[in-house]
Amino acid sequence: QVRLVESGGGSVQTGGSTRLSCAASGYTPGSLCMAWFRQVPGKEREKVASLYSDGRSPIYADPVKGRFTIARDGAQNTVYLEMNDLKPEDTALYYCAAALCSYSAYARGSFEYNYWGQGTQVTVSS
């Protein structure tokens, strides 16, 4: 059973930065597809960034390209989302998500995220 524990977030001013962390446990190292999603009340959940657990092939949603960076630590059990140049429209509840999958499945996008963290709020004020 994969367990995801998020930390970070909070209130930030426009143009500021913050970092989210997601500590994963209960899986075989190197076999996890991971992502950060965000959701605003009344809107659909949006995938922000994804990464294979060995650090390969980060993918970003267009609204965050050039501002957000997804990365993992050397032990492959924590994934970070570095968020820079934050805008009010980045305000959302951010979730870490994971799926047990191969790299080929990650590259094809042929899987669904079925493990979720509890969510952490990021609020960007002008």
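Check the entry above for the structure.
Presented here is a report on the structure given in the accompanying data block. (Residues numbered from 1 in each chain as written. Predicted model: local features only at pLDDT ≥ 70, side-chain atom pairs only at ≥ 80, totals over all residues. Heavy atoms only, no water.)

1. Comments concerning the packing of aromatic side chains
Reasoning step 1: The full count for this structure, using the stated rule, is eight aromatic pairs.
Reasoning step 2: Ring geometry for phenylalanine 37 against tyrosine 113: centres 5.5 Å apart, planes inclined by 80°, an arrangement best described as edge-to-face. In this pair, phenylalanine 37 sits in strand E4 (residues 32–39) while tyrosine 113 sits in the loop between helix H1 (103–108) and strand E10 (115–116), placing the two residues 76 residues apart along the sequence.
Reasoning step 3: You can call tyrosine 113 buried: its relative accessible area is 13%.
Reasoning step 4: An aromatic cluster of at least three residues, connected via ring pairs, comprises Phe37, Tyr52, Tyr95, Tyr103, Tyr106, Phe111, Tyr113 and Trp116. (Phe/Tyr/Trp six-rings, centres within 6.5 Å; stacked < 30°, edge-to-face > 60°. Helix = DSSP H or I, 4+ residues; strand = E, 2+ residues; numbered from the N terminus. Buried < 20%, exposed > 50% of the residue type's maximum accessible area, 1.4 Å probe, protein only.)

2. Considerations on the pairing of strand E11 (residues 120–125)
Reasoning step 1: Residues of E11 alternate between two faces, with Thr120, Val122 and Val124 buried on one and Gln121, Thr123 and Ser125 left unburied on the opposite face.
Reasoning step 2: As defined by bridge partners, strand E9 (residues 92–100) adjoins E11 across three bridges and the pair is classed as antiparallel. Within the sheet, the bridge partner assigned to tyrosine 94 lies in E11 and is threonine 120. (Pairing = 2+ DSSP bridges.)

3. Quick notes on the pattern of salt bridges
Reasoning step 1: The full count for this structure, using the stated rule, is five salt bridges.
Reasoning step 2: What emerges from the salt-bridge pattern is a single network uniting Arg38, Glu46, Arg67 and Asp90. (Salt bridge = Lys/Arg side-chain N within 4 Å of Asp/Glu carboxyl O.)

4. With respect to the environment of threonine 69
Reasoning step 1: With respect to the element layout, threonine 69 can be found in strand E7 (residues 68–72).
Reasoning step 2: By relative accessible area, which is 39% here, threonine 69 ends up partly exposed.
Reasoning step 3: Along the sequence, threonine 69 and asparagine 84 sit 15 residues apart, while their C-alpha atoms lie 8.5 Å from each other.
Reasoning step 4: Not counting residues up to four positions away in its chain, the partners in contact with threonine 69 are Tyr60, Tyr80, Leu81 and Glu82. (Contact = heavy atoms within 4.5 Å.)

5. Quick word on the state of the cysteines
Reasoning step 1: Under the defined criterion, the tally for this structure stands at two disulfides.
Reasoning step 2: One disulfide bridge connects cysteine 33 with cysteine 101, the sulfur atoms lying 1.6 Å from each other. Residue cysteine 33 is located in strand E4, and its partner cysteine 101 is located in the loop between E9 and H1; the two are separated by 68 residues in the primary sequence.
Reasoning step 3: A relative accessible area of 0% means that cysteine 33 is categorised as buried. (Disulfide = S-S within 2.5 Å.)

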